[in-house]
Amino acid sequence: MTDVNDLIRTRLTAFPKRHFLAAQDLDPPDIANLLDLADVFVDLNRQSTKKLDLLRGRTLVNMFFENSTRTQSSFELAGKRLGADTINMSMKTSSVAKGETLIDTAVTLNAMKPDLLVVRHSASGAAALLAQKVGCSVVNAGDGQHQHPTQALLDMLSIRRAFGHVDGLTIAICGDVLHSRVARSNVILLNAMGANVRLVGPPTLIPGDADQWGTEVYHDMREGIADANVVMMLRLQLERMDGAFIPSTREYYRFFGLDREKLAVAAKGAKVMHPGPMNRGVEIDSEIADDLSVSLIQDQVEMGVAARMAVLASLAARLENDR
Amino acid sequence: MSALAFVNARLIDPATEYDGPGSVIVAEGVIADVIYGHETPSGHAGIRVIDCDENAILPGLIDMRVRTGEPGSEPKETLKSASLAAAAGGVTSFVVQPDTDPCIDEPAMADFILRRARDIELVHVYPAGAATKKLEGRQMAEIGLMAEAGALYFTNGDEPIVNSKILSRVLNYANGFNALIAHRPKEPWLSEGAVATSGEMAARMGLPGVSALAERIMMERDLALVELTGARFLVDQVSTREGLGSLERAKAKGLEVFASVSINHLMFNELDIGDYRTFFRLDPPLRAERDRLAMIDAVASGLVDVIVSNHTPEPAEHKRLPFSESTPGAIGLQTLLPALIGLHHENDIPLIDLLRTVTQNPAQLLGLDAGRIAKGAPADLLLVDIDAPFALRERDILSKSKNSPFENRTLQGKVLKTLVDGRIVYEI
């Protein structure tokens, strides 16, 4: 354990900002620092004793206005393993359901003096709005169709551990980019890390000006994933499937679902990612999703806890400095 | 199938811009050779030589807008009866509209049309797919899967997609497949209940009319959405002078916009509905003479790309009714070519230019290897006596429905032989 603590001490740097609201809050050296730190937590999490006291005395509040299983439990575990007091506020049954505004809820919570507030909300910009009203650090765990920066960070960690580096890799982000906060955060981090980013999907699911994001846009999946090192699939939201943005799930699967045949055009040793939860047989074939020789999907979940521990630890270090 | 040599012919081929003497050799379903000039081909043993007697050899016509009643309304027309009419009229390829019952809004239906055509073995029949499910204008149809199954373009039939957001999504989505979307420029609320073009004539006849501007209003919206999405777009039958203005502006912007016109709007005007003859009740309704003349100019200048028959069979029970209660539409597969020849004579437009709108242009738009007289091309060819006059009598009409506005008119241009993939499918 001393080894781990020493390693953490050498690698822990204060977060560059008080809040982590968007991927662009991080510059390339910050990203590298966080990934280096997260690597330590990956090893720690694989030991039988996973608990540290880095955040002892700190209070972490998970405020999820949208349903989430993996992100919420990932933050909860990250907080607990770092020794913070962690509570989950179920916003569905809270005073929000009784009509309280987001700001009122935030002010009320703030009075309870939490140190770290993890927020997921269905409206873009909600986390930034909260950050203006509270005294603690706010972590954006997904705001509408805007960003999900810790997801991008864990994706970065998964890619770096699989390939040893991120720069120079070709990453194809495929599917419903239009509605995806994961894609928006990933485009920013991947570009910052020197990867070549492609967006692949039907024109109805790619924002019209996405070619100005430093990405190449493809509407033909085979062209889009040709020679890609990583194929990052996005979840297709059920409510967008039937005739609104795409004609049907079977047509989507035919042209944009990842199966062996399409994956064959990717680079040798290409890896497949998915932020979950997956629609099997719609955007991804089970044969691919469950093939551990190509799929990083399980790794992503594991890296999620470590990456969030790195974020929480460095945000707490920042709070320490601010004091 | 023995090889055929069509000698001593006048070749008219818009794709090579050749209109002059020549011969064509057909073997194995394709054009084996084209000889320009008066030279007689030699060295072809075992070949059947057909002396064309200076009659014209043309590429088979491609008609982009045809309705039959199959499936669902077979008493109007079947794919077989339409194919017979097409072969007799020199149309070697036609595209059926998706507004059948059930409609062509999924790949299995597109496949059904192609399989039926294969079984009938007369002319090429291709499906156009529905742009929205059940043609309701609410949900996008399976454009990608239908394109893969062989649908050549996508359309909402005679009813436009009213919701601009849905049309914009359809255009955007189709763009990913480089699919062509055809859309009727018909402002639905202004057009509601109208059976004629509003004006002095309709007013005097007491018929509810729609302003010619209803076409321009819809075109302006559609073309703005095309500009937004960059889609390949066909204005499905422009018919007014105002509409041509919109078309011209869109083309000047460099948009991938094309337009068709029905042969009826080049041949007839609103005066033809004078005695309430329902065979002249059409959709779009017949327009003023100034519109007709503007359409002819637009065809001559190339502003309008394609001429269609808009073949719409309606049986007597839908036509022997008061004008405003009858169903709009007229058949046209069998009369498309003679009507074009008539246009050529009356308006001094070179025949080769008119033929381009029913051969080379639709072939390019639809991505068909057809519509040209060239070595290696499929032998879809016509032998036509261009000057032969004839009167169209009801008993000559091969369509099951007889609603032809050309009935008892004297026409010019008799198809002597029609070849599809080198097979003679019609001859007199």
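**Notes on the packing of aromatic side chains**
Enumeration over the complete set of coordinates arrives at seven aromatic pairs over all chains. Each ring, one from Tyr252 of chain A and one from Phe256 of chain A, has its centre 5.8 Å from the other, and the planes form 35°; the classification is tilted. Of the two residues, Tyr252 of chain A and Phe256 of chain A are both situated in helix α9 (residues 249-256); the distance of four residues between them amounts to about one turn of the helix. Like Tyr252 of chain A, the residue Phe256 of chain A is buried in the burial classification. Feature note: the residues Phe255 of chain A together with Tyr173 and Phe177 of chain B constitute an aromatic cluster, connected by ring pairs. One residue, Arg254 of chain A, lies across the ring of Phe255 of chain A, its end atom 5.4 Å from the ring centre.

**Concerning the interface of chain B and chain A**
Facing the 17 residues of chain B at the interface are 15 residues of chain A. Surface buried jointly by chain B and chain A totals about 1,400 Å² across both partners, of which 52% is contributed by carbon and sulfur atoms. Between the two partners, chain B and chain A, sit three salt bridges. Here Glu148 of chain B ties to Arg254 of chain A by a salt bridge, and the two come within 2.5 Å at their closest N and O atoms. Along the contact surface separating chain B from chain A lie eleven residue pairs in polar contact (both at pLDDT 80 or more). Of the residues belonging to the side of chain B that touches chain A, the class tally is seven nonpolar, five polar and five charged.

**Considerations on a nonpolar patch on the surface**
Nonpolar side chains collect at one region of the surface, where Leu190, Leu213 and Ile217 of chain B lie side by side and expose about 250 Å² of accessible area between them. Residue position: Leu190 of chain B is located in helix α5 (residues 188-191).

**Brief notes about unusual backbone geometry**
Of the consecutive residues Gly276 of chain A and Pro277 of chain A, the connecting peptide bond is found in the cis state with omega at -10°. Note that Pro277 of chain A resides in the loop between β9 (271-273) and α11 (286-289). Going from Asp101 of chain B to Pro102 of chain B, the amide bond is cis rather than trans, its omega being 0°. As for its position among the elements, Pro102 of chain B is in the loop between β7 (91-96) and α2 (107-120). For Asn310 of chain B, which is not glycine, the phi torsion reads 50° and is therefore positive. Among the secondary structure elements, Asn310 of chain B is positioned in the loop between β16 (306-308) and α11 (316-319). Residue classification places Asn310 of chain B among the buried residues on the basis of a relative accessible area of 9%. Positive phi, normally seen in glycine, also occurs at Asp421 of chain B, with a value near 50°.

Rules of the game
Residues numbered from 1 in each chain as written. Chains lettered and ligands numbered in written order. Predicted model: local features only at pLDDT ≥ 70, side-chain atom pairs only at ≥ 80, totals over all residues. Heavy atoms only, no water. Phe/Tyr/Trp six-rings, centres within 6.5 Å; stacked < 30°, edge-to-face > 60°. Helix = DSSP H or I, 4+ residues; strand = E, 2+ residues; numbered from the N terminus. Buried < 20%, exposed > 50% of the residue type's maximum accessible area, 1.4 Å probe, protein only. Lys NZ or Arg CZ within 6 Å of the ring centre and 35° of its normal. Contact = heavy atoms within 4.5 Å. Buried area = accessible area lost by both parts, 1.4 Å probe. Salt bridge = Lys/Arg side-chain N within 4 Å of Asp/Glu carboxyl O. Polar contact = N/O pair within 3.5 Å; in protein donor to acceptor, adjacent residues only side chain to side chain. Nonpolar A, V, L, I, M, F, W, Y, C, P; charged D, E, K, R; others polar. Patch = residues over 30% accessible without salt bridge, like charges linked within 9 Å, V, L, I, M, F, W, Y side chains within 5 Å. Areas by Shrake-Rupley, 256 points an atom, 1.4 Å probe, with all protein chains shown as cover.

Note that all results are geometric; they support no functional claim without further evidence.
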